[in-house]
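One letter stands for each residue in the lines below.
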Amino acid sequence: MATEQAAENYTVEDLVALNPYNPDILNDLEKFVNEQVSSQTYNLDANLSLLRLYQFEPERMSIQIVARILIKALMAMPAPDFSLCLFLIPEHVQMEEQFKTLIVLSHYLEVNNWSNFHIYILCAGFEQAIQTYAIHVLSLTYQKVPRPVLAEAINIEGLALDKFLEYHATNSGWLIEKGGQSQVVVLPRNEFNHPELKKNTADTVPFEHVTRIFPVLS
């Protein structure tokens, strides 16, 4: 009854902020995880709070909810959310098959093994989130990406890839060049794919620091 009244008066975020270790909000947090999956939203703080509550009340742990938390965390890469959540999950739970699979998938993402990844569609928005992460990694690593390499990374080919490239050429600053028998995608310049853009603050000393040194040397 208390939980129902609290849910009526407060949002889940309010409940977590007021008392993240209150076991009475556990059911609300579980419902909130399901809402995140269905609405394609995400709240790491609420999910971490639920995992901590499971630590105190392991008999109330829902394996399905924990799996969904990890899937949403996986979709948030390159943020370290997956590792943060995994740290709060007991080792014997991690040994269950579905969690082993998710841990393998996180490894695939870390080593950019895209070809073995796209066979898994775990929830709505999952593939789009992985595509976004793949593009993020490519943009940090390459100035130009051959069309076949991009196609493998995001698991899109043919006309769908044409539309994808057209969209990003219009909205993301991509340039499409002819490269032999295939196209080459020129990615926007940043300090990672063009190191010369990175400001080397270590080589610059503020003037006021220099003026402080002179009296010491004299």
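Check the entry above for the structure.
Residues numbered from 1 in each chain as written. Predicted model: local features only at pLDDT ≥ 70, side-chain atom pairs only at ≥ 80, totals over all residues. Heavy atoms only, no water.

**Re the pattern of salt bridges**
This model, assessed by the stated rule, comprises three salt bridges. The partner of arginine 60 in a salt bridge is glutamate 57, with the nearest N and O atoms 3.2 Å apart. A salt bridge links aspartate 162 to arginine 147; the nearest nitrogen and oxygen atoms lie 2.8 Å apart. Within this pair, whereas aspartate 162 is found in helix 11 (residues 158-171), its partner arginine 147 is found in helix 10 (residues 147-154), the two being separated by 15 residues in sequence. (Salt bridge = Lys/Arg side-chain N within 4 Å of Asp/Glu carboxyl O. Helix = DSSP H or I, 4+ residues; strand = E, 2+ residues; numbered from the N terminus.)

**Looking at unusual backbone geometry**
For the bond running from methionine 77 to proline 78, omega is 15°, close enough to zero to count as cis. The phi angle at glutamine 40 is positive, at roughly 55°, despite the residue not being glycine. Here glutamine 40 lies in the loop between helix 3 (26-39) and helix 4 (44-56). By relative accessible area, glutamine 40 is classed as partly exposed at 49%. Phi is positive for asparagine 155, which is not a glycine, with a value near 60°. (Buried < 20%, exposed > 50% of the residue type's maximum accessible area, 1.4 Å probe, protein only.)

**Some thoughts on the packing of helix 10 against helix 11**
Interaxial distance between helix 10 and helix 11 falls to 11 Å at its minimum, and their mutual angle equals 100°. Classified by the interaxial angle, the pair formed by helix 10 and helix 11 is roughly perpendicular. Of the residues in helix 11, those in contact with Arg147, Leu150, Ala151 and Ile154 of helix 10 are Gly158, Leu161, Asp162, Phe164 and Leu165. Tallied by class, the residues present in the contact of helix 10 with helix 11 amount to six nonpolar, one polar and two charged. (Axes fitted to C-alpha atoms, helices over the stretch in contact; angles between N-to-C directions. Parallel < 35°, antiparallel > 145°, perpendicular 65-115°, else oblique. Contact = heavy atoms within 4.5 Å. Nonpolar A, V, L, I, M, F, W, Y, C, P; charged D, E, K, R; others polar.)

**Things to note about helix 10**
The set of residues buried in helix 10 consists of Arg147, Leu150, Ala151, Ala153 and Ile154. Looking straight down helix 10, one finds that the buried residues subtend no more than 165° of arc, so they occupy a single side. The positive-phi residue at the C-terminal boundary of helix 10 is asparagine 155, with phi of around 60°. (Arc of directions from axis to C-beta.)

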